[in-house]
Amino acid sequence: MPLESCMILLDNSQYMRNGDYLPTRMEAQSDAANMIVSQKTQSNPESTVGVIAMVSSTAPSSGGGAGAELLVSPTDDLGKILSALHKVPLAGGGITPPAKDAVDIAASVQVATLALKHRRNKNGAQRIVLFVGSPLNNADKKSLVKAGKQLKKNNVFIDVVCLGELDVNEGKLRELVDAANGSSGSNAEGGEGEGERNCHLVTIPAGVLPSDVLISSPILRGDGGYGSGGGGVGGGGGDMGDDAFADFGGVDPSMDPELAMALRVSMEEERARQERVAAAAAAAANNEGGGEGDNAALEGQGGNGVGAEGATGGGDTMQDMNDEDALLQQALAMSMAENQGDMVAAGDASGNAGAAEGMDEDEDEDAAMQAALAMSMQDDGEEKAAEEGAQFQDPQFVNQLLGSMPGVDPNDPAIQEALRKANEDARKKDDDKDESKE
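Residues numbered from 1 in each chain as written. Predicted model: local features only at pLDDT ≥ 70, side-chain atom pairs only at ≥ 80, totals over all residues. Heavy atoms only, no water.

1. What about the nonpolar core?
Item 1. Membership of the largest hydrophobic core comes to 32 residues, with the highest contact counts inside it found for Ile8, Leu10, Ile36, Phe131, Ile204 and Leu214.
Item 2. Considering each element in turn, this core owes the most residues, seven residues, to helix α1 (residues 25-43).
Item 3. Among all residues touching Ile36, those that are not within four sequence positions of it are Ile8, Val129, Phe131, Leu214, Ile219 and Leu220.
Item 4. Counting 30 residues, the second largest nonpolar core, distinct from the first, contains Leu9, Ala115, Ile128 and Leu136. (Core = buried A, V, L, I, M, F, W, Y, C linked by side-chain atoms within 4.5 Å. Buried < 20%, exposed > 50% of the residue type's maximum accessible area, 1.4 Å probe, protein only. Helix = DSSP H or I, 4+ residues; strand = E, 2+ residues; numbered from the N terminus. Contact = heavy atoms within 4.5 Å.)

2. Digging into the sheet that holds strand β5 (residues 156-163)
Item 1. As summarised here, the arrangement of the six strands in space is β3-β2-β1-β4-β5-β6, forming an open sheet in which the pairing is mixed. One side of each edge strand has no neighbouring strand; the edge strands of this open sheet are β3 (69-75) and β6 (200-204). For this sheet, the mean angle separating the axes of adjacent strands, direction not counted, is 15°.
Item 2. Inspection of the sheet shows strand β4 (residues 125-132) paired to β5 by seven bridges, in the parallel sense. In the sheet register, Phe131 faces β5, and the bridge partner there is Val161.
Item 3. Against the sheet, α1 touches β1 (4-10), β2 (48-53), β4 and β5, its axis set at about 175° to β1.
Item 4. The sheet contacts of helix α3 (residues 105-117) involve β1, β2, β3, β4 and β5, and relative to β4 the element is tilted by about 150°. (Pairing = 2+ DSSP bridges. Axes fitted to C-alpha atoms, helices over the stretch in contact; angles between N-to-C directions.)

3. Observations regarding helix α5 (residues 166-181)
Residue pairs three or four apart in sequence face the same way in an α-helix, which turns once every 3.6 residues.
Item 1. Compared with the 22 Å implied by 1.5 Å per residue over 16 residues, the 21 Å span of α5 between its first and last C-alpha is a close match.
Item 2. Within α5 the residues assigned to the buried category are Asn169, Glu170, Lys172, Leu173, Leu176, Val177, Asp178, Ala179, Ala180 and Asn181.
Item 3. Just downstream of α5, Gly182 is the residue with a positive phi angle, here 90°. (Expected span 1.5 Å × (residues − 1).)

4. As for the packing of α3 against helix α4 (residues 141-153)
Item 1. Direction vectors running N to C along α3 and α4 enclose 15°, while the axes themselves pass 9 Å from each other. Our classification of the angle between α3 and α4 gives roughly parallel. The element α3 and its partner α4 pack so that their crossing is left-handed. Listed contacts from α4 to Ile105, Ala106, Val109 and Thr113 of α3 are Ser143, Leu144, Ala147 and Leu151.
Item 2. Classifying every residue of the contact of α3 with α4 gives six nonpolar, two polar and no charged. (Parallel < 35°, antiparallel > 145°, perpendicular 65-115°, else oblique. Left-handed = near helix turned anticlockwise from the far one by under 90°. Nonpolar A, V, L, I, M, F, W, Y, C, P; charged D, E, K, R; others polar.)

Shape descriptors only; they carry no functional weight alone.
Right, here's the structure in full:
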């Protein structure tokens, strides 16, 4: 809410002892005033609130309507304000003269206007919250209208809370509010004002707590609605809705700040989630629209490419062109495959011929290598056989070989005779070879 200086005018006459509002009118009024002070100070840290008792505690017991008493000038010190609210005494004891009312509304409003002129911050708005719980039998409508016009002239707004005595006070207090709003009496009766309604009248039915009604009233909501005391618990009638604390999930922040803040954070998160979902849906819709536009453009280009046929059906022409392109690509692929097949076949033929010639040459070389290998192996075998024969012709080698064998005596005559015969046979063979060679 914007910066504001507010004066709260409390009715502390003897009529406030009545118990039609639980527990009494005075305590119900004090409870509602505490709620208004909390809302004003918490909404803006620079806002100031003052308190006025409309019946002075120094007034003589038989002099009703002796004048208002300023208890606290507009200040942001919450301790001072609450202390003043709890110390408001019941005054004006004794019998009120028939020609006077228990409270003087016009004089009290004038005192409040003077107090607002001496407010600390001159930039903020000025507002008066007036509680009335005593009958205004002798109040002059002209004086109330004059007080309202004076408030309009000084740019001071006024909110009126009517506790009890509704039949007597409601019409007169409406005249005051209408004059402060700048509307005439006829317009007020018709429910239409000439200017914006920044002043409000809220009536509280008997048996209802004023604080419960004010929670949803424009006095705490700060909107431009007009609360008149129609029937029902709402008391304010008019345009007071159930969404007084919609931003806080319907919970009064002054009553439970932690719960109200938690609800507000939760609502903000849900609102952000819904915005993200909406943005994603919009982006998807745009993408689909863009794809349809591209398809339409391609179809249009196809229709322009085929001339007169495109004029009759762009989509069919585009399909025909696509089919022709597909056939051309298939024919080109087949042609390239045939050319590659011919090249492969020619390469295979030339490769086979060369391979055949190479195979003949390789076979000749292999045959020659195998013959040379056989000859070398035969020579090696003959040389090994000759070497072995020469070794067995050596008597010393044979004696060592026979001596190494178990159970064999190399000096046995039979063995010696066999060795001699073998040596003779070997010599005969060598001689025969030499003769054959010669």
